[in-house]
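This is what each chain is made of:
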Amino acid sequence: GAVVSQHPSWVICKSGTSVKIECRSLDFQATTMFWYRQFPKQSLMLMATSNEGSKATYEQGVEKDKFLINHASLTLSTLTVTSAHPEDSSFYICSAPKTGELFFGEGSRLTVL
Amino acid sequence: DAKTTQPTSMDCAEGRAANLPCNHSTISGNEYVYWYRQIHSQGPQYIIHGLKNNETNEMASLIITEDRKSSTLILPHATLRDTAVYYCIVRPSGGSNYKLTFGKGTLLTVNP
């Protein structure tokens, strides 16, 4: 069964609104989680590393004020896309390490109208 | 992380073996070869990994050349559900290095 779960699976929002995506580690603790973004027909691109109890580490070119990451507990990281615009429409995927391996969530598809 | 090169796409007949190649000529001595796959609109799924010996699990076999510059993922009896993008990634194992760099992968299409 799944070890990392994301919610929601898909979301549609209006331009200018904010959207929160949750990533949960199931039955294990994850001090670190990773957020990826995938545009249609492209590969996954790492956006940021979510660190429990401290600030997230963002990859070059990713706006930290636009993509807010909160890792408030050992089983939950959230990604908030603030003031979303149509170009933010994408497939967002999180991952978490468990017993030396990396497991991925099911992904969350965001469509901004 | 070392760069990998994979064919853009491959086709395979259902029930036959699917052999997916990957070149990683700049792999370092401490880097493992990992394979993930991504079925359409889902998150990546771990398949298998290895260092230098051939590996087999319930999903696939991994053949790594002696010089470790290339590898082949083998799905022994491909099914329609194996249609996916397969990613070959090299990274140091263990520790805290879980930042994966995904290339474009190989789109495997299993045909009836």
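Structure: see above.
As the structure is a computational prediction, the values presented were derived from the model and not from experiment.

Observations concerning the interface of chain A and chain B
Okay, so step 1: Tallying the contact residues gives 18 residues for chain A and 17 residues for chain B.
Okay, so step 2: Taking both sides of the interface into account, the surface hidden between chain A and chain B amounts to around 1,400 Å²; carbon and sulfur atoms contribute 56%.
Okay, so step 3: Counting the surface chain A buries against chain B, the share from its top three residues, Glu 101, Leu 102 and Phe 104 of chain A, is 32%.
Okay, so step 4: Inspection of the chain A/chain B interface yields 2 salt bridges.
Okay, so step 5: Taken together, the connections running from chain A to chain B amount to 8 residue pairs in polar contact (both at pLDDT 80 or more).
Okay, so step 6: Looking at the side of chain A that touches chain B, its residues break down into 9 nonpolar, 5 polar and 4 charged.

What about the pattern of salt bridges?
Okay, so step 1: All chains considered together, the criterion is met by 5 salt bridges over all chains.
Okay, so step 2: Between Glu 22 of chain A and Arg 24 of chain A there is a salt bridge; the shortest N-O distance is 3.4 Å.
Okay, so step 3: Glu 22 of chain A gets classed as partly exposed once you look at its relative accessible area, which sits at 22%.
Okay, so step 4: What makes Arg 24 of chain A partly exposed here is its relative accessible area of 37%.
Okay, so step 5: Across the pair Lys 99 of chain B and Glu 59 of chain A runs a salt bridge whose closest N-O atoms are separated by 2.9 Å. Highlighted residues: Lys 99 of chain B in the loop between strand E8 (84–92) and strand E9 (106–111) and Glu 59 of chain A in the loop between strand E6 (57–58) and strand E7 (67–73), drawn from two different chains.
Okay, so step 6: Its relative accessible area of 34% is what places Lys 99 of chain B among the partly exposed residues.

Remarks on the sheet that holds strand E1 (residues 4–7) of chain A
Residues and elements named next belong to chain A.
Okay, so step 1: Ordered by their spatial adjacency, 4 strands build an open sheet running E1-E3-E8-E7, and the pairing between neighbours is antiparallel. The outermost strands of the open sheet, each flanked by one partner alone, are E1 and E7. The sheet shows a mean angle of 20° between the axes of neighbouring strands, taken without regard to direction.
Okay, so step 2: Across 4 bridges, E1 lies against strand E3 (residues 19–25) in antiparallel orientation. Each bridged residue has a counterpart across the sheet, and for Ser 5 the counterpart in E3 is Arg 24.

Concerning the packing of aromatic side chains
Geometry of an aromatic ring pair is reported as the spacing of the ring centres plus the angle between the planes.
All names here are of chain B.
Okay, so step 1: One pass over the structure, following the stated rule, counts 10 aromatic pairs over all chains.
Okay, so step 2: Taking 6.4 Å as the distance between ring centres and 15° as the angle between the ring planes, the aromatic pair formed by Tyr 34 and Tyr 36 counts as stacked.
Okay, so step 3: Judged by relative accessible area, which is 0%, Tyr 36 ranks as buried.
Okay, so step 4: A ring pair is formed by Tyr 87 and Phe 102, whose centres lie 5.1 Å apart and whose planes are at 90°; its orientation type is edge-to-face. Of this pair, Tyr 87 sits in strand E8 while Phe 102 sits in the loop between E8 and E9, placing them 15 residues apart in sequence.

Cut-offs applied
Residues numbered from 1 in each chain as written. Chains lettered and ligands numbered in written order. Predicted model: local features only at pLDDT ≥ 70, side-chain atom pairs only at ≥ 80, totals over all residues. Heavy atoms only, no water. Contact = heavy atoms within 4.5 Å. Buried area = accessible area lost by both parts, 1.4 Å probe. Salt bridge = Lys/Arg side-chain N within 4 Å of Asp/Glu carboxyl O. Polar contact = N/O pair within 3.5 Å; in protein donor to acceptor, adjacent residues only side chain to side chain. Nonpolar A, V, L, I, M, F, W, Y, C, P; charged D, E, K, R; others polar. Buried < 20%, exposed > 50% of the residue type's maximum accessible area, 1.4 Å probe, protein only. Helix = DSSP H or I, 4+ residues; strand = E, 2+ residues; numbered from the N terminus. Pairing = 2+ DSSP bridges. Axes fitted to C-alpha atoms, helices over the stretch in contact; angles between N-to-C directions. Phe/Tyr/Trp six-rings, centres within 6.5 Å; stacked < 30°, edge-to-face > 60°.

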